[in-house]
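Architecture at a glance
Here is what each chain is made of, one letter per residue.
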Amino acid sequence: MKDNTFNNIYYSPEKHGLQIVTQINLHLNDYDTELLVVWEEISSGRLLFARASGCSCPTIYTNETSSTLPELTRLGQLTEILEECSTSDRYNKINPEVVAAFLDKVREKLN
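Residues numbered from 1 in each chain as written. Predicted model: local features only at pLDDT ≥ 70, side-chain atom pairs only at ≥ 80, totals over all residues. Heavy atoms only, no water.

A separate point is the confidence of the model for the protein chain. Of all residues in the protein chain, 85% attain a pLDDT of 70 or more, and the chain-wide mean is 85. Mean pLDDT values for the elements of the protein chain range from 86 in strand 3 (residues 47-55) up to 95 in strand 1 (residues 18-25). (pLDDT = per-residue confidence, 0-100. Helix = DSSP H or I, 4+ residues; strand = E, 2+ residues; numbered from the N terminus.)

The next point concerns the environment of tryptophan 39. Topologically, tryptophan 39 is positioned in strand 2 (residues 32-41). Remark: the alpha-carbon pair of tryptophan 39 and glutamine 19, spanning 20 residues in sequence, is separated by 5.4 Å. A polar contact of 3.0 Å, which involves the side chain of tryptophan 39, links it to the backbone oxygen of isoleucine 9. (Polar contact = N/O pair within 3.5 Å; in protein donor to acceptor, adjacent residues only side chain to side chain.)

Moving on: the pairing of strand 3. Bridging between strand 2 and strand 3 involves 9 bridges; their strand directions are antiparallel. Across the sheet, glutamate 40 pairs through a bridge with leucine 47, a residue of strand 3. Where strand 2 folds back onto strand 3 in an antiparallel hairpin, the turn is made up of 5 residues, including glycine 45, whose phi is positive at roughly 80°. (Pairing = 2+ DSSP bridges.)

Next comes the structure, spelled out in structure tokens:
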């Protein structure tokens, strides 16, 4: 039986008609990861996003496809998630420059 671990939208976005625009790790410690990823659907230019978590070597986004991801239509959809993380004790503080670079890449695509 073939292992499809890496045949998902995160590890092989091009196989799903997607490309990763940018990503940010929201949970910065040695054992866990929580990624917020923005993809562009190559055929339409639509932006899609998702947040998923796992261990430090994640096999995440295994059940998602471009049809199951929410569409990103405004920057506020991401800033709400980032604000939630910045006010929670569960998350380490993310470098503001990293957040700014993440949002700048998305802003470019939305405009």
